[in-house]
Amino acid sequence: MVTHEATASMIGYLYQIRYALYILLQAKDPSEKISLEKFDDISIESDKSTPLQIIQTKCHTERKGDLSDRSTDLWRTLKVWIDAISNDSSLLDQTKFVIITTANIPNNSAASFFSSDPDKAYALLKNVALGQGNESHAKFYAAFLSCKETDIKRLISRIEVISNASGIQNILDDIKQIIRYSCRPNHIDFVMDRVEGWWFNRVISALLSDDLVIMSQSELSSKIYAISREYDADNLPLDCFDVVSENAELKLDEKVFVEQLKLLNSGKRILNLAIKDYLKASSQRSSWIRQGLVYANDLEKYEDKLMDAWEHAFALMGEKLDEYISPSDEEKIKEGKDLYRRVSDYDLRIRDNCDAPFIMHGTYHIMANDLKVGWHIDYFDRLKHLLNVESNDA
């Protein structure tokens, strides 16, 4: 039972976060902002201090439930809002109170009369409160009966109930219906995952801040546009920025490119950056393939592009070393470092608008790991034993 209750509470919180995204997407005024746990579960705000809407979400999973006159959902919500108007009466003039519930509204119940007949809704609720039918609701009834009748009726007149709302899974489909026009149909699931992942992180940041405001509708629209544009034909999404931990280790067959840099006497910082770029690029390329955004031949064409640029630079380094009668290893290292710096400064992209440097840097390291490219003039002869190949196979 404890586990079940904890699960229900967790689903309730996740539903609140997901529904907040849906609400903000529907906002007509781009300047409207949304917050969680500030005035209520969810609130819609303008630049003024009084919220435009305060919203309670009720998600039922195991049973459908209903918003009857004796409903715990209803009375608990009324208690919260009675406390709110007691602290700030201006809410009764400027704020809409909204209940979003997956439950039904029974015919002829108080909730069914909130907007159409506040007096009748009040009478039904007062009858329940006076009857004290549910002992666990005693404090809710007391708050209701102690509040001025005129204030309660004004509150009731400003309540809107959205019943039979989409549940925690179906609301995701509702969100997709709104954002689907921002991208190609075959990319909607990927865009949705990116948007929601980013949204949850923003919610966490807001909840840890002082004002609890997440963002405005215009900010949300801009972010969705930016994410969607990553799936254009001349771009690719970048979702592997944080895949590398501080203590990431390479597999045995992934250390050749590190040995390449060691031939140049590269320091620890250069090695760590190379490992980071290698792992991020490897992960990102795999992610693109899984999503069907690139294919093996696309990566081969990109590597051919990098190979061509490297071959020209490597040939120039070779000619420069030929000017020495017998170049020392120090001179080879010096020229190799210069080659590595020049190649690292290239801006060779897999797609025109996919501009993250780690893609090119990491792909060069992937190629260096197979000894397809190198930095020291003698890289292949010195490291071919690591791949168990003969030099004439180069």
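All values derive from a computational prediction rather than experimental measurement.

(A) Representation of the overall build of the chain. In terms of regular secondary structure, the chain is built from 15 helices and six strands. Against the globule reference of 21 Å for 394 residues, the chain gives a C-alpha radius of gyration of 31 Å, more extended than a compact globule. Counting only C-alpha atoms, the chain reaches 105 × 45 × 35 Å along its principal axes. Burial analysis of the chain (394 residues in total) assigns 45% to the buried set.

(B) Spatial organisation of the packing of aromatic side chains. Under the criterion given, the structure shown has 15 aromatic pairs. Relative to Y22, the ring of Y19 has its centre 5.4 Å away and its plane inclined at 85 degrees; by these criteria the two rings are edge-to-face. A residue pair is termed a helical-turn pair when its members lie 3 or 4 positions apart in one helix, as Y19 and Y22 do in helix α1 (residues 2-26) at three residues. The pair formed by Y19 and Y22 is uniform in burial state, with each residue classed as buried. An aromatic cluster is defined as three or more aromatic residues linked by ring pairs; in this entry it consists of W75, Y122, Y141 and F144. Its guanidinium or amino end placed over the ring of Y225, R229 lies 4.6 Å from that ring's centre, counting from NZ or CZ. For K280, the ring lying beneath its charged end belongs to F358, and the centroid distance is 4.5 Å.

(C) Spatial organisation of the sheet that holds strand β6 (residues 213-216). Taking strand neighbours across the sheet as the criterion, the six strands line up as β5-β4-β3-β2-β1-β6 in an open arrangement whose pairing is mixed. The open sheet has two edge strands, β5 (159-162) and β6, and neither has a second partner. The mean inter-strand angle of the sheet, taken between neighbouring strand axes irrespective of direction, is 20 degrees.

(D) Main features of the pattern of salt bridges. If you walk through the whole model with that rule in mind, you get 19 salt bridges. Among the salt bridges present, the one from E196 reaches R18, with a minimum N-O distance of 2.6 Å. Separated by 178 residues along the polypeptide, E196 in helix α8 (residues 188-207) and R18 in helix α1 bring together distant segments of the chain. Residue E196 shares its accessibility class with R18, and that shared class is buried. Between K320 and E335 there is a salt bridge whose closest N-O contact spans 3.7 Å.

(E) Here's a closer look at the state of the cysteines. Enumeration according to the criterion identifies zero disulfides in this entry. Here C183 is not disulfide-linked; the sulfur of C354 is the nearest cysteine sulfur, at 17 Å. Taking the relative accessible area as the measure of exposure, C183 reaches 12% and is therefore buried.

(F) Spatial organisation of the confidence of the model for the chain. In the predicted model, the chain carries a mean pLDDT of 91, and 94% of its residues have values of at least 70. Across residues 389-394, confidence stays below pLDDT 50; counting only partners more than four residues off in sequence or on other chains, it has eight contacts.

(G) The side chain of T363, seen in detail. With respect to the secondary-structure elements, T363 resides in helix α14 (residues 357-369). Using a relative accessible area of 1% as the deciding quantity, one classes T363 as buried. Here the side chain of T363 touches I359 through a polar contact of 2.6 Å, landing on its backbone oxygen. Non-local contacts of T363, meaning those with residues more than four positions away in its chain, are made with A281, R285, Y302, E303, L306 and F358.

(H) Structural detail: empty space enclosed by the protein. Under the counting rule described, the total for this entry stands at one cavity of 30 Å³ or more. Reported here for the largest cavity is a volume of approximately 50 Å³. In this structure, the largest cavity is lined by Y340, V343, S344, M360, H361, Y364, H365 and W375. Secondary structure elements with two or more residues in the lining of the largest cavity: α13 (329-344) and α14. If one sorts the elements of the lining of the largest cavity by residue count, α14 sits on top with four residues.

Criteria and thresholds
Residues numbered from 1 in each chain as written. Predicted model: local features only at pLDDT ≥ 70, side-chain atom pairs only at ≥ 80, totals over all residues. Heavy atoms only, no water. Helix = DSSP H or I, 4+ residues; strand = E, 2+ residues; numbered from the N terminus. Rg over C-alpha atoms; globule rule 2.2 N^0.38 Å. Buried < 20%, exposed > 50% of the residue type's maximum accessible area, 1.4 Å probe, protein only. Phe/Tyr/Trp six-rings, centres within 6.5 Å; stacked < 30°, edge-to-face > 60°. Lys NZ or Arg CZ within 6 Å of the ring centre and 35° of its normal. Pairing = 2+ DSSP bridges. Axes fitted to C-alpha atoms, helices over the stretch in contact; angles between N-to-C directions. Salt bridge = Lys/Arg side-chain N within 4 Å of Asp/Glu carboxyl O. Disulfide = S-S within 2.5 Å. pLDDT = per-residue confidence, 0-100. Contact = heavy atoms within 4.5 Å. Polar contact = N/O pair within 3.5 Å; in protein donor to acceptor, adjacent residues only side chain to side chain. 1 Å grid on protein atoms, 1.4 Å probe; cavity = no way out; pocket = protein on both sides within 12 Å on 5 of 7 lines; lining within 4 Å. Points joined across faces, edges and corners; volume = space filled by probe spheres on them.

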